[in-house]
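The primary structure of each chain is shown beneath.
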Amino acid sequence: MSAQPTGTPPERTRDAERTRAEILTVATEEFAHSGYAGARVDVIAAKTSTTKRMIYYYFGGKEQLYVAALEAAYTRIRGLEQQLDVEHLDPVEAIRELAGLTFDHHEAHPDFIRLVSIENIHHGEHIAGSAVLSNLANPALDVLGAILDRGRADGVFRADADALDVHQVISSFCIFRTANQHTFGALFGRDMLAPGLRDRQRALLGDLVLGYLCSS
């Protein structure tokens, strides 16, 4: 007799992966718009045509689901940074590429910005408790640090340039224009996400960072 197949059938594995991914997508939207306290698992279940029991099966509970949403959101941007091919660029252009990537990502993923804001309300306690997220800190700086090293070696970047400082400036600019678009618009009458401003602001970010890095 031929041996019987063992393990989980591939089709069932793919179905489970799709279900988990769908739950995570909807949960990210729910947490981003309702906050951690306001998000409801039964609403997430209804929007995914699944059940609360199934969500608990895949994630364990509301807190674990929220952490999984954070992990997925941060993993996405860290992955894009690591995939960025800047080795063929001179350090100045490489900085522009990295800053532009962050600019594009944050504009395209407002739910990421909302999740970051919500997690700050909770003093970063869920990020601090996640092994996945704690391991993403170094990759965030590896690409940037390598660019700065090349720039210093070429004599175009200041010797005391710090990767975390530069990362902070880039993140601050990109998060501000999305997170504060409504209050800024109400106060100053400017839509920071207006298409007509996009190219100028994207270039401005690179100019700001390079203005610092290339100063003596």
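The structure displayed is predicted, hence computed values, not measured ones.

Draft legend 1. Representation of the overall build of the protein chain. Within the protein chain one finds twelve helices and zero strands. Its helices and strands in sequence order give the protein chain the pattern α-α-α-α-α-α-α-α-α-α-α-α, from N to C terminus. Taken along its principal axes, the extent of the C-alpha atoms in the protein chain is 70 × 55 × 30 Å. Accessible surface computed for the protein chain: about 12,200 Å², of which carbon and sulfur atoms make up 53%. Counting 21 positive and 29 negative side-chain charges, the protein chain places the averaged centre of each group 7 Å from the other.

Draft legend 2. How the structure looks around the nonpolar core. One finds Phe31, Leu65, Ile95 and Leu213 to be the most contacted residues of the largest nonpolar core, which totals 51 residues. Looking at which element gives the most residues to this core, the answer is helix α4 (residues 62-83), with eight residues. If sequence neighbours within four positions are ignored, Leu213 has contacts with Ile95, Leu148, Val156, Phe157, Arg158, Ala161 and Val166.

Draft legend 3. Region of the structure containing unusual backbone geometry. Residues other than glycine seldom take positive phi values, yet Ser49 does so here, at roughly 55°. With respect to the helices and strands, the residue Ser49 is situated in the loop between α2 (41-47) and α3 (52-59). According to the relative accessible area criterion, Ser49 is exposed, its value standing at 73%. Here His123, not a glycine, exhibits a phi torsion of approximately 60°, which is positive. By the element assignment, His123 lies in the loop between α6 (110-121) and α7 (125-128). With relative accessibility at 73%, the residue His123 sits in the exposed group.

Draft legend 4. Highlighting the environment of Leu115. In this structure, Leu115 sits in helix α6. Using a relative accessible area of 1% as the deciding quantity, one classes Leu115 as buried. Separated by 68 residues in the primary sequence, Leu115 and Thr183 have C-alpha atoms spaced 18 Å apart. Non-local contacts of Leu115, meaning those with residues more than four positions away in its chain, are made with Thr28, Phe31, Ala32, Tyr66, Ala69, Leu70 and Ala73.

Draft legend 5. Structural view of the packing of aromatic side chains. Following the criterion strictly, the structure yields seven aromatic pairs and no others. Ring geometry for Phe31 versus Tyr66: centroids 5.1 Å apart, planes at 70°, classification edge-to-face. Linking Phe31 in helix α1 (residues 10-38) with Tyr66 in helix α4, this pair joins segments that are 35 residues apart in sequence. For the ring pair Phe184 and Phe188, a centre distance of 4.8 Å and an interplane angle of 45° mean the geometry is tilted. Separated by four residues within a single helix, Phe184 and Phe188 lie in helix α11 (residues 181-188), roughly one turn from each other. Taking the ring centre of Tyr36 as reference, the NZ or CZ of Lys62 above it sits at 5.2 Å.

About the criteria used
Residues numbered from 1 in each chain as written. Predicted model: local features only at pLDDT ≥ 70, side-chain atom pairs only at ≥ 80, totals over all residues. Heavy atoms only, no water. Helix = DSSP H or I, 4+ residues; strand = E, 2+ residues; numbered from the N terminus. Areas by Shrake-Rupley, 256 points an atom, 1.4 Å probe, with all protein chains shown as cover. Lys, Arg positive; Asp, Glu negative; His and termini not counted. Charge placed at Lys NZ, Arg CZ, Asp CG, Glu CD. Core = buried A, V, L, I, M, F, W, Y, C linked by side-chain atoms within 4.5 Å. Buried < 20%, exposed > 50% of the residue type's maximum accessible area, 1.4 Å probe, protein only. Contact = heavy atoms within 4.5 Å. Phe/Tyr/Trp six-rings, centres within 6.5 Å; stacked < 30°, edge-to-face > 60°. Lys NZ or Arg CZ within 6 Å of the ring centre and 35° of its normal.

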